[in-house]
Amino acid sequence: MAPNTRGTPGPATEVAGPAMPRPLEGAVYGLLATRALELAVRHGVFRELAEHGPSRDGELATALGLDRDTLGRLLTLLRSLEVVTADAEGRYTVPPHSRPYLDGADPRFLGGFLRHLVESTADQLAHLEACLTRGKAAADAALPEPFARIYRDEESTDRFLDAMWQLSFDVSGELVELAGLDRVHHLVDVGGAGGPFAVAALLRRPVLRATVFDLPQVAGRLRQAGLRFRLGARLAFAPGDFHQDELPRGDCLAFGYILSDWPDEVCLELLRKAHRALAPGGLVLVMERLFDEDGYRPLATAAMNLAMHAETQGRHRTAAEYLGLLRRAGFTDCAVRRSGREKHLVLGRRSESALHPPGRWW
Ligand SMILES: C[S@@+](CC[C@H](N)C(=O)[O-])C[C@H]1O[C@@H](n2cnc3c(N)ncnc32)[C@H](O)[C@@H]1O
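Residues numbered from 1 in each chain as written. Predicted model: local features only at pLDDT ≥ 70, side-chain atom pairs only at ≥ 80, totals over all residues. Heavy atoms only, no water.

## Re the domain arrangement of the chain
Interfaces are often sized by the accessible area lost when the parts come together.
Alright, step 1. Looking at the chain, the domain boundaries give domain 1 (22–103) and domain 2 (114–349).
Alright, step 2. Taken together, the contact pairs 6 residues of domain 1 with 6 residues of domain 2.
Alright, step 3. Summed over both sides, the interface of domain 1 with domain 2 buries roughly 540 Å², with 72% coming from carbon and sulfur.
Alright, step 4. A per-residue breakdown of the area domain 1 buries against domain 2 is headed by Thr34, Arg35 and Glu38, which together make up 66% of the total.
Alright, step 5. Inspection of the region where domain 1 meets domain 2 yields 1 salt bridge.
Alright, step 6. As a salt-bridge pair, Arg42 and Glu119 come within 3.9 Å of each other at their nearest N and O atoms.
Alright, step 7. Applying the counting criterion to the domain 1 and domain 2 interface returns 0 residue pairs in polar contact (both at pLDDT 80 or more).
Alright, step 8. Counted by class, the side of domain 1 that touches domain 2 contains 2 nonpolar, 1 polar and 3 charged residues. (Domains from an automatic or database assignment. Contact = heavy atoms within 4.5 Å. Buried area = accessible area lost by both parts, 1.4 Å probe. Salt bridge = Lys/Arg side-chain N within 4 Å of Asp/Glu carboxyl O. Polar contact = N/O pair within 3.5 Å; in protein donor to acceptor, adjacent residues only side chain to side chain. Nonpolar A, V, L, I, M, F, W, Y, C, P; charged D, E, K, R; others polar.)

## Re empty space enclosed by the protein
Alright, step 1. Throughout the structure, instances matching the rule amount to 1 cavity of 30 Å³ or more.
Alright, step 2. The space that makes up the largest cavity amounts to roughly 40 Å³.
Alright, step 3. As for the largest cavity, its lining consists of His116, Ser120, Arg149, Ile150, Arg152, Ser156, Arg159 and Phe160.
Alright, step 4. Every element with two or more residues in the lining of the largest cavity is listed here: α6 (111–125), α9 (146–150) and α10 (154–179).
Alright, step 5. When residues of the lining of the largest cavity are assigned to their parent elements, the largest contribution, 3 residues, is made by α10.
Alright, step 6. Grouping the amino acids of the lining of the largest cavity by side-chain chemistry returns 2 nonpolar, 3 polar and 3 charged. (1 Å grid on protein atoms, 1.4 Å probe; cavity = no way out; pocket = protein on both sides within 12 Å on 5 of 7 lines; lining within 4 Å. Points joined across faces, edges and corners; volume = space filled by probe spheres on them. Helix = DSSP H or I, 4+ residues; strand = E, 2+ residues; numbered from the N terminus.)

## Things to note about the pattern of salt bridges
Any two side chains of opposite charge can pair, given that their charged atoms come close.
Alright, step 1. A complete count under the given rule lists 24 salt bridges for this structure.
Alright, step 2. Linking Arg42 and Glu38 is a salt bridge whose minimum nitrogen-to-oxygen distance equals 2.9 Å. Within this pair, Arg42 and its partner Glu38 are both found in helix α1 (residues 22–42), separated by 4 residues, close to a single helical turn.
Alright, step 3. The exposure class assigned to Glu38 is buried, which follows from its relative accessible area of 3%.
Alright, step 4. Residues Arg297 and Asp294 are paired through a salt bridge, measuring 2.7 Å at the closest nitrogen-oxygen approach. (Buried < 20%, exposed > 50% of the residue type's maximum accessible area, 1.4 Å probe, protein only.)

## With respect to the site of the ligand
Alright, step 1. Lining the immediate surroundings of the ligand are 20 residues, of which Tyr151, Ser168, Asp214, Gly256 and Lys343 lie closest.
Alright, step 2. Ser168 places a side-chain nitrogen or oxygen 2.6 Å from an oxygen atom of the ligand.
Alright, step 3. In the environment of the ligand, a nitrogen atom lies 2.7 Å from a nitrogen or oxygen atom belonging to the backbone of Gly256.
Alright, step 4. Protein chains bury 96% of the 590 Å² of accessible surface belonging to the ligand in isolation.
Alright, step 5. With respect to the pocket detection grid, the ligand is positioned in the second largest pocket. (Near = heavy atom within 4 Å. Areas by Shrake-Rupley, 256 points an atom, 1.4 Å probe, with all protein chains shown as cover. Sits in = over half its atoms within 2 Å of the grid points.)

## Brief notes about the layout of surface pockets
Alright, step 1. The space that makes up the largest pocket amounts to roughly 1800 Å³.
Alright, step 2. Contributing to the lining of the largest pocket are 46 residues, with Gly30, Thr34, Leu114, Leu117 and Leu299 lying nearest its centre.
Alright, step 3. Looking at the lining of the largest pocket, the elements with two or more residues in it are α1, α4 (68–80), α5 (99–102), α6, α10 and α14 (299–311).
Alright, step 4. Here the element with the most residues in the lining of the largest pocket is α1; it accounts for 12 residues.

## Digging into unusual backbone geometry
Alright, step 1. Note that the residue after Arg297, namely Pro298, is joined by a cis bond; omega there is 0°.
Alright, step 2. Assignment of secondary structure puts Pro298 in the loop between β8 (290–291) and α14.
Alright, step 3. Phi angles above zero are rare outside glycine, and Ala193 is one such case at about 55°.
Alright, step 4. Here Ala193 is to be found in the loop between β3 (186–190) and α11 (196–204).
Alright, step 5. Looking at Ala193, the relative accessible area reads 9%, which means it is buried.
Alright, step 6. With a phi angle near 50°, Arg230 is a residue other than glycine that sits in the positive phi range.
Alright, step 7. The residue Arg230 is located in the loop between α12 (219–228) and β5 (235–239) in this model.
Alright, step 8. Here Arg230 falls in the exposed class, since its relative accessible area comes to 78%.

## Thoughts on the sheet that holds strand β6 (residues 250–256)
Alright, step 1. Taken together, the 7 strands give an open sheet; going across it, the order is β5-β4-β3-β6-β7-β11-β10, and neighbouring strands pair in mixed fashion. Strands at the two margins of the open sheet, each flanked by one partner only, are β5 and β10 (332–337). Strand-to-strand twist of the sheet, defined as the mean angle between neighbouring strand axes without regard to direction, takes the value 20°.
Alright, step 2. In the packing of α10 onto the sheet, the strands contacted are β7 (278–288), β10 and β11 (344–349), and the crossing angle to β11 comes to about 30°. (Pairing = 2+ DSSP bridges. Axes fitted to C-alpha atoms, helices over the stretch in contact; angles between N-to-C directions.)

## A few points about the pairing of β5
Alright, step 1. Where strand β4 (residues 209–214) lies against β5, 5 bridges are found, and the strand directions are parallel. Counterpart to Val212 in the pairing with β5 is Phe237.

What follows is the structure in structure tokens.
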């Protein structure tokens, strides 16, 4: 209610309050928006629209065997969010710029990531209140290690590895080009999961071979990727624990969405292991979301930074922070190369003159 000239509230009918600002509205209703979008993706609404063109809610409900009232409400919210549009006859369509993210056949499809947000991250967010009131260390004390929880059963493992593939495979083509890799013989993808970066690199560099070093739980998915892309012996798996073990040797060691899972001291330990494992002159690649220098944008990084706090022990960083970690671990020629997507590259080199134990590096 607006104050009158004496500073006391005026009658409600005189001055209408301003509408809720759009950014606040987005923050208040984001929970419902994510759920609505994920349900629509999971039940094939966007696939149906792509295959059959503009359709009314009743047509979609009949074709997909869904409840019309519920589907109508989901679509009304998605229309309000401008994720879909509708014509005067109530026929829904997806604007071209959103289509690739909602089309299961497109490499940018977000379905797996949305499912991970709704089925895993949403539960973990309940933990934020304990972090907020008791501090992260005390709140986490009784919890299992993050990857023990993620790999607790086959369904959760599959869901996580699907989400990682969808987040990482498509952008990896661009990251390979940004990294160069023309003179690399043996890429070691540390925490390479089901192989999104290693596979993208092998597809683009025919003489390269790659080893994914990761926990044993990802072995089946990596084997499937190798078969699907017919990579044969060029794609190998080295099971291990990067907290306990030294890393396999190579002339390029990659860390995709790894350092954002861990605090600075663990990142430094991993980067120092990479420095020891690298051939002189070899490359280290850190591929991550980056905060802008203002420390709060882009939105996706700020949102995932909060999710990382609930789900892992890590955080997102600026490019300058990653450059600082690389230099402290001994790397030189450090540089930042930005992709057109959400995952960027920060790289460094082990100097040519570094002392190293005898033996072949690749
Ligand atoms: C966020 S995912 C990143 C996957 C992939 N590199 C990408 O960019 O999409 C983190 C990866 O680190 C692996 N990981 C976690 N703890 C590990 C450990 N102690 N030793 C080896 N790998 C580990 C996980 O299994 C998972 O594949």
